[in-house]
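What follows is the residue order along each chain.
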Amino acid sequence: MDQRTGTLSRRGFLTAAMGAAAIPLLAGCSSPVSAGLFGAQLSPETLVYWNLFGGGDGTRMEAMEAGYRKIYGANSLQATTFAWGNPYYTKVTLATVGNRPPDVAVAHLTRAKPLWDGGLLEQITEADLASVGLSSADFNQRPWQAQATDGKNIAVPLDTHPLVMFFNSDVCKKAGLLDSAGHLVPLDDMDTFEAALAAISKVTGGAAMTIANVGGETATPWRVFWTFYNQHKDATPFLSDNGARLTVDEDIFLEVNDRLQKWVKQGWVNKALDYATAESYLFTGKAGLYLEGEWEITTAQSVKGFEFGMVPLPTLYDTPASQADSHTFILPRKNRSDEQRLQAMKFIKAMLDQSMIWAKGGHVPAYLPVADSAEYKALQPQSQYASAAEHAVYDDAAWYGGSGSTFEGIVGAQLGLIQQLASTPKQAMAAIKTQLRVYLNTPSPL
Amino acid sequence: MTTTTLIVPPRGRSRYAAHPRARRDTRSAWLFIAPFGVFYLAFLLGPTIYMFVMSFFNTSTVRTGLGSFAGFANYAEMLTRSDFWSSLWHTLQFTIYTTPPLVIIAFVFAVLTNRMRHAQWFYRLAFFLPFILPSATISLIWVFIFTPSTGLWALAQEALGMTPGSGVLSSPNTAMIGIAIATLWWTLGFNYVLYLAGLQEIPRDLYEAAAVDGATPWQQIWSITVPMLSRTTTLVLLLQIIASLKIFDQVYLMTGGGPGISTQVSLQLITGTAFTDNRVGAASAASVLLFIVIIVIAVVRQIADRAAARKEF
């Protein structure tokens, strides 16, 4: 029944076409397609680097990447920026599980620990550090010791970014809180601080200090709470055993939150402001003080004619403390040759060497040759609050914890409700317990 | 007499199979279906079976293998989690908001387009065009439209003399409605095209006969168009309900499940549990529960449909 007509049948044509289409797939070993299909490396001399920096941080990171390309060539680096928070860490996790991780990635110190627990990171040995002329002693010991997990180095810290207090010079001057040099007078005990709040409130005719607490903002209420909580000498960890036990000291929790609620009721602290508005209150003189991470320096400096300063948060209880995290470099688990390992370390070293660019964005450098340099010490107002990094308090290690995590989301939302006077500290504590129940009772999947 | 037996149609497959040409045709048919079959097994049936298995284990994203046996613990956890129930409700809420308008408006527009004498192509294009856009694009467009105080929506509100609020997507009461409106604009074209195809199947003689008998256009629609399109409606309704129950991308891109978790839908909870919490086992249990809900809804709808059909005849 096959009638040979001599012409190409439709089926024959299709078969031939499919065969023809397969040839380039198999032939070109260095093509992007085969790289995707067979896992071949696109070009071995290019280092793949992932980060999560947007805004001012993103611009500065791009400048540092350009610095690396200047040394190692235009094709030496493929840098990709992803959306901040859980989506970023999900991508790092899945790429590593799927054996296609970047050569180097950025991680918050508190998020590097769950990645390590999941077996997704490679240890960074003293030999690795030495290969590019680094050693443990080159780093601020606070982040350095915080990253060490199970006795191993899992991440190289680039910075520490503590919660700090911004002040509007004009408003604070009118409130009589500036010395002759234009520095904020020390406000290091509760009575002094509350008197200052009252004085500023008189000047502004409204809020004295702003804290972002609505519009999906859960990180700031958490940072503020965790700072004051840890200023108590009896403060216990919020979570213990990698997130299996809730060990927060409820008396201190209530004390700190009662205090915050009192400030809101007095009209000293805003009841409900989103991130951008809380900040604009400081810029426009509607408030004298503003609590946020030091990275907001870029925004503050971009406001024309705005005079401000930044200081560590005043010690209102027993001991200085500031909630903080660190941006670190991690080596995701993958098969690397010694050469690739060295290449990754060279990249990290090049980034550390450019810490000064990073420091201008507000972050306190972790790399001591830069942090101790005269140039950094002359940087204003950065050097004014650099000591906050010495009292950095990181979030407790938990498989669902860390910056921008599920834990911060749950607890921060309740702390925000306290500041909005929508919830009492006791009710918030009860809600936190209920919502964390699933996570406390679930063994770590990592 | 005996001739009648000759016109009895051949019964069963055996007679076809006996024919050598038919057998060869069957074989090549299987061959042509095979690529699809392989993909179906590898990427749909296989993972589905794996999902059922995983739902009974503490499977982790970062560990190989199934992990320790959990029994029904994952199911128990999901069934006692308030955010699981709220996400299920938000999924149903979205389905309720989108299904009736997507069926009714698509029908109305199709009937109107079908009556157009000129430039029908333009309406077909205009209504179908949004459907070819990716969800990321429609989400961006509608987030712009819903931007508080400066968006198109706020401008329209101002023009109507209303005071624009904090924005449709920033209030827990209206965020889901905003997502439903964007979805309506986006996916209407698909149902519309199905209806238009159905309309063109209806013989014109029916309308002519009805017109001769003095039926008004309304009566024609009610007594000819609607019943003749009942099969299309069945299809559209089923496809629409299932599509709406699988809602994910618009919510993820437009509100991220917020404010709070007020628009978090089931698939988002599942994604979060699987990839943020790294608990694929627990996420599988949630997936199985959603799967059951979808099947129950499909079966109930099918039974209702059968009952309605039986009443007609």
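The structure displayed is predicted, hence computed values, not measured ones.

**What to know about the interface of chain B and chain A**
Right, so step 1: Residue-level contacts link 17 residues of chain B with 19 residues of chain A.
Right, so step 2: Across the chain B-chain A interface, the total number found is four residue pairs in polar contact (both at pLDDT 80 or more).
Right, so step 3: Contributions of two or more residues to the side of chain B that touches chain A are made by helix H3 (20-54), helix H4 (73-80) and helix H14 (266-276) of chain B.
Right, so step 4: The element that contributes the greatest number of residues to the side of chain B that touches chain A is H3 of chain B, accounting for four residues.
Right, so step 5: When grouped by side-chain class, the residues that make up the side of chain B that touches chain A number four nonpolar, six polar and seven charged.

**Concerning the confidence of the model for chain B**
Right, so step 1: Mean pLDDT over chain B stands at 86; residues scoring 70 or higher make up 92%.
Right, so step 2: In the predicted complex, the global pTM is 0.81; the interface-specific ipTM is 0.75.

**Observations regarding the packing of aromatic side chains**
All names here are of chain A.
Right, so step 1: By the definition in use, this model includes 50 aromatic pairs over all chains.
Right, so step 2: Taking 5.3 Å as the distance between ring centres and 5° as the angle between the ring planes, the aromatic pair formed by Phe-306 and Phe-308 counts as stacked. Phe-308 matches Phe-306 in its accessibility class, with the two residues each being buried.
Right, so step 3: What links up through ring pairs into an aromatic cluster is the set Trp-222, Phe-225, Trp-226, Tyr-229, Phe-238, Phe-253, Trp-399, Tyr-400, Phe-407 and Tyr-439.

**Focus: the pairing of strand S2 (residues 77-81) of chain A**
Right, so step 1: Taken together, the five bridges between strand S1 (residues 47-51) of chain A and S2 of chain A define a ladder with parallel strand orientation. Note that in S2 of chain A the partner of Trp-50 of chain A across the bridge is Thr-80 of chain A.

**Some thoughts on helix H12 (residues 275-283) of chain A**
Given 3.6 residues to a turn, an α-helix orients residues that are three or four positions apart in the same direction.
Residues and elements named next belong to chain A.
Right, so step 1: Those residues of H12 that sit buried are Ala-278, Glu-279, Leu-282 and Phe-283. Each buried residue of H12 lies within a common arc of 145° when the element is viewed along its axis, so the set occupies one face.
Right, so step 2: Buried residues belonging to H12 abut strand S5 (159-168), strand S6 (209-210), strand S9 (289-293) and helix H13 (297-301).
Right, so step 3: After H12 finishes, the residue Gly-285 shows a positive phi value of roughly 80°.

**Focus: unusual backbone geometry**
Right, so step 1: Here the residue pair Gln-380 of chain A and Pro-381 of chain A is connected by a cis peptide bond, since its omega of 0° sits within 30 degrees of zero.
Right, so step 2: Mapping Pro-381 of chain A onto the fold places it in the loop between helix H17 (374-377) and helix H18 (382-385).
Right, so step 3: A positive phi angle is found at Ala-119 of chain B, which is not glycine, with a value near 55°.

**Examining empty space enclosed by the protein**
Right, so step 1: In this structure the tally under the stated criterion is two cavities of 30 Å³ or more.
Right, so step 2: Taken as a whole, the largest cavity spans an internal volume of roughly 180 Å³.
Right, so step 3: Contributing to the lining of the largest cavity are 18 residues, with Arg-111, Pro-114 and Trp-399 of chain A together with Thr-276 and Asn-278 of chain B lying nearest its centre.
Right, so step 4: When residues of the lining of the largest cavity are traced back to their parent elements, those giving at least two are helix H4 (86-97) and helix H5 (109-117) of chain A together with H14 of chain B.
Right, so step 5: Sorting elements by how many residues they give to the lining of the largest cavity places H4 of chain A first, with four residues.
Right, so step 6: In the lining of the largest cavity, the residues fall into eight nonpolar, eight polar and two charged.
Right, so step 7: Roughly 30 Å³ of internal volume is contained in the second largest cavity.
Right, so step 8: Looking at the second largest cavity, the residues that line it are Leu-238, Ile-241, Ile-242, Leu-245, Ile-294, Ile-297 and Ala-298 of chain B.
Right, so step 9: Of all the secondary-structure elements, those providing two or more residues to the lining of the second largest cavity are helix H12 (230-245) and helix H15 (280-312) of chain B.

**What about the nonpolar core?**
Right, so step 1: Ranked by internal contacts, the top residues of the largest apolar core, which has 127 residues, are Tyr-49, Phe-238, Phe-253, Trp-263 and Phe-329 of chain A.
Right, so step 2: Leaving out residues up to four positions away in the same chain, Trp-263 of chain A has contacts with Met-190, Phe-193, Glu-194, Leu-197, Met-209, Phe-228, Trp-268, Val-269 and Leu-316 of chain A.

The rules behind the values
Counting from 1, residues in each chain are numbered in the order their sequence is written. Written order decides the labels, with chains lettered from A and ligands numbered from 1. Totals for whole chains, interfaces and linings use every residue, but because this is a predicted model, local features are given only for residues with pLDDT of at least 70 and side-chain atom pairs only at 80 or more, for both listing and counting. Values shown for side chains rest on all heavy atoms present in the structure; no hydrogens or waters enter the calculation. Note on contacts: a residue pair is in contact if any heavy atoms of the two residues lie within 4.5 Å. Polar contacts, as used here, are pairs of N or O atoms within 3.5 Å; protein pairs need one atom able to donate a hydrogen and one able to accept it. Residues neighboring in sequence count only if both atoms are side-chain atoms. Each helix is a run of DSSP H or I of at least 4 residues and each strand a run of E of at least 2, with the numbering of both proceeding from the N terminus. Each residue receives one of three labels: charged for Asp, Glu, Lys and Arg, nonpolar for Ala, Val, Leu, Ile, Met, Phe, Trp, Tyr, Cys and Pro, and polar for the others, Gly being one of them. Looking at any residue, its pLDDT shows the predictor's confidence there, from 0 to 100. What counts as a ring pair is set by centres within 6.5 Å for rings of Phe, Tyr and Trp (its six-membered ring), and what kind of pair is set by the plane angle: stacked under 30 degrees, edge-to-face over 60, tilted for all other angles. Each residue's exposure class comes from its accessible area (1.4 Å probe, protein chains only) as a fraction of the maximum for that residue type: buried when under 20%, exposed when over 50%, partly exposed otherwise. Strand pairing is defined by DSSP finding a minimum of two bridges between the two strands. Each direction from the helix axis to a C-beta atom contributes to the arc, which is the arc of those directions. A 1.4 Å probe that fits into a set of points on a 1 Å grid over the protein atoms alone but cannot get out defines a cavity; an open set with protein on both sides within 12 Å along at least five of seven lines defines a pocket, and lining residues are those with an atom within 4 Å of a point. Grid points are joined across faces, edges and corners, and a volume is the space filled by probe spheres set on the points. Put simply, a nonpolar core is a bunch of buried Ala, Val, Leu, Ile, Met, Phe, Trp, Tyr and Cys residues held in one set by side-chain atoms that sit within 4.5 Å of each other.

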